[in-house]
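Summary of structural features
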Amino acid sequence: MGLGVRWTLHGDGRTPAPGAVVRPDERLSWPRTAGLGAQHVVAMFGASFVAPVLMGLDPNLAIMMSGVATIMFLLATRGRVPSYLGCSLSFVGVAAIIRAQGGGSAAITGAILVVGAALFLSGLAVRKFGARIIHAAMPPVVTGAVVMLIGFNLAPVTARTYWPQDQWTALLTMLFTGLAVVCLRGFWSRVAIFLGLLFGYGISWVFDRIFGKIHSVHGGTEAVDHWRLDLSAVSRADWVGLPSFHAPSFSWSAILVALPVVIALIAENAGHVKAVGEMTGDPLDDQLGTAIAADGAATVLSTAVGGPANTTYSENIGVMAATRVYSTAAYWAAAGFALLFGVCPKFGAVVAAVPGAVLGGITVILYGMIGLLGAQIWVHNKVDLRNPLNLVPVAAGVIIGIGGVSLKISDNFELSGIALGTIVVLSGYHVLRALAPAHLKQQEPLLDSGTSGYDSPAEPK
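Reference entry: report on the structure contained in this document. (Residues numbered from 1 in each chain as written. Predicted model: local features only at pLDDT ≥ 70, side-chain atom pairs only at ≥ 80, totals over all residues. Heavy atoms only, no water.)

**Notes on the environment of valine 141**
- Here valine 141 shows up in helix α6 (residues 140-152).
- Note on valine 141: relative accessible area 5%, which makes it buried.
- In this structure the C-alpha to C-alpha distance between valine 141 and isoleucine 377, which are 236 residues apart in sequence, comes to 7.9 Å.
- Those residues within four positions of valine 141 in sequence are excluded, and the remaining contacts are Trp378, Val383, Asn390, Val394 and Tyr429. (Helix = DSSP H or I, 4+ residues; strand = E, 2+ residues; numbered from the N terminus. Buried < 20%, exposed > 50% of the residue type's maximum accessible area, 1.4 Å probe, protein only. Contact = heavy atoms within 4.5 Å.)

**Topic: the side chain of threonine 173**
- For threonine 173, the position within the fold is in helix α8 (residues 167-183).
- Dropping the residues within four chain positions of it, threonine 173 is found in contact with Gly196, Phe199, Gly200, Val358, Gly361 and Ile362.

**Quick look at empty space enclosed by the protein**
- Within the structure shown, the criterion is met by 1 cavity of 30 Å³ or more.
- As a volume, the largest cavity reaches approximately 50 Å³.
- Around the largest cavity, the lining residues are Gln165, Asp166, Thr169, Ser204, His218, His226, Trp227, Arg228, Pro355, Gly356 and Ala357.
- Within the lining of the largest cavity, the residues separate by chemical class into 3 nonpolar, 6 polar and 2 charged. (1 Å grid on protein atoms, 1.4 Å probe; cavity = no way out; pocket = protein on both sides within 12 Å on 5 of 7 lines; lining within 4 Å. Points joined across faces, edges and corners; volume = space filled by probe spheres on them. Nonpolar A, V, L, I, M, F, W, Y, C, P; charged D, E, K, R; others polar.)

**What to know about the packing of helix α7 (residues 155-162) against helix α18 (residues 356-380)**
- Viewed as axis vectors pointing N to C, α7 and α18 meet at an angle of 160 degrees, and their least axial separation amounts to 9 Å. Taken together, the axis directions place α7 and α18 in an arrangement best described as roughly antiparallel. Between α7 and α18 lies a crossing whose hand is left-handed. Of the residues in α18, those touching α7 at Val157, Thr158 and Tyr162 are Gly356, Ala357, Leu359, Gly360, Thr363, Val364 and Tyr367.
- Tallied by class, residues from the contact of α7 with α18 come to 6 nonpolar, 4 polar and no charged. (Axes fitted to C-alpha atoms, helices over the stretch in contact; angles between N-to-C directions. Parallel < 35°, antiparallel > 145°, perpendicular 65-115°, else oblique. Left-handed = near helix turned anticlockwise from the far one by under 90°.)

**Section: unusual backbone geometry**
- Despite not being glycine, arginine 78 shows a phi value in the positive range, around 55 degrees.
- Tracing the backbone shows arginine 78 in the loop between α2 (59-76) and β3 (85-87).
- At lysine 382, a position not held by glycine, the phi torsion is positive, near 55 degrees.
- Mapped onto the elements, lysine 382 comes out in the loop between α18 and α19 (388-403).
- The exposed category is assigned to lysine 382, whose relative accessible area is 74%.

As structure tokens, this is what we get:
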């Protein structure tokens with residue numbers, strides 16, 4: 001297939017026959033391919049829209065680099081793994097912690113760049129030794145715990161920074177978003193977070209017209225009078241122009257906060273590649289290492305110019321599953337649209353104007369969903385948390401990570417939060433497994449077996 005940039009026309013290029021699949025090396029007519037690309041942009045836009053806003057990075061640059069990252073990924077995998085690389089939400093908590101420590105955008109992108117490099121090297125290792133090294137080093141009990149503490153560690157950001165800016169707007173946005181996630185179907189359910197942002201945007205504008213300015217915390221620690229929705233920067237922004245670039249800076253404290261996220265990214269990539277392989281009917285185990293390395297390389301490039309990390313997107317995988325069109329040509333079209341968005345500063349100004357209270361309502365759900373993905377990993381892989389070999393390192397690591405426990409090594413070096421929690425879970429599991437008696441390695445439960453039978457039918461008396 002070469003670089004995967006040559007496609008054969010599927011049928012007559014129009015609507016595929018019922019049940020037919022458009023394979024990665026096929027395409028529909030170019031107008032229809034462009035339409036599918038636009039659909040992929042909308043699907044990824046919700047999360048890619050939110051991520052740079054929450055991290056304090058330039059949304060124009062973030063969207064532009066997601067297009068560049070997607071092109072890199074498609075070339076690296078030679079068109080065998082149809083996927084879009086959007087802005088990763090896994091680093092939102094990392095960004096909040098680094099800013100709380102006094103770091104700026106340069107420190108955030110520098111720390112994420114190091115994670116991207118680590119992900120790239122991990123991908124090369126998987127290419128050489130196979131996917132088994134992932135399962136050996138990071139079993140589901142570990143990856144689930146790390147994903148959980150990454151999500152739940154974000155709770156104070158919502159409670160102390162976003163929600164207090166306007167509690168009623170935050171509450172209404174949360175309720176609308178929750179209803180959208182649960183009640184909407186098909187494509188609309190996949191962009192429920194984006195719809196919640198639009199709703200909050202509108203509610204903020206209406207409240208400003210009805211109630212005037214609000215007196216609350218806004219961009220600082222003291223309450224001031226301010227508009228909920230300030231669009232003054234939108235009118236000043238140009239229609240065409242380059243986004244703002246900046247060089248990364250590096251500090252050990254920021255890097256140690258960010259490094260644990262590499263575990264979540266490896267697990268995420270592995271799951272996405274497996275899902276795509278099952279949908280296309282093309283086993284992609286041989287592409288897993290390449291996909292992980294490409295994700296890491298794209299993140300390094302993005303953060304080198306001031307953008308966020310990029311990762312494969314489940315939203316776009318969902319669009320493929322719904323349409324049964326796996327053509328990588330559609331992803332090339334999506335990447336082209338993203339590049340065009342990136343050179344529209346007015347678009348970035350609209351994104352940057354999203355009220356903090358709206359983010360509060362969104363993140364109450366979003367951060368919790370990220371954390372609960374960790375529990376989903378445990379459930380999917382049937383991790384037995386009654387076994388002390390699993391329970392002890394997870395219990396300690398999650399509490400340390402979520403509670404912000406710190407360990408002072410020296411006057412200038414301290415481990416805390418996500419970094420310390422991940423180290424405790426990862427090292428604790430492997431050390432305890434090496435020292436544990438054989439009967440614990442056979443999944444003998446620690447707790448009374450009766451505690452696991454709540455959902456079992458009651459025995460007749």
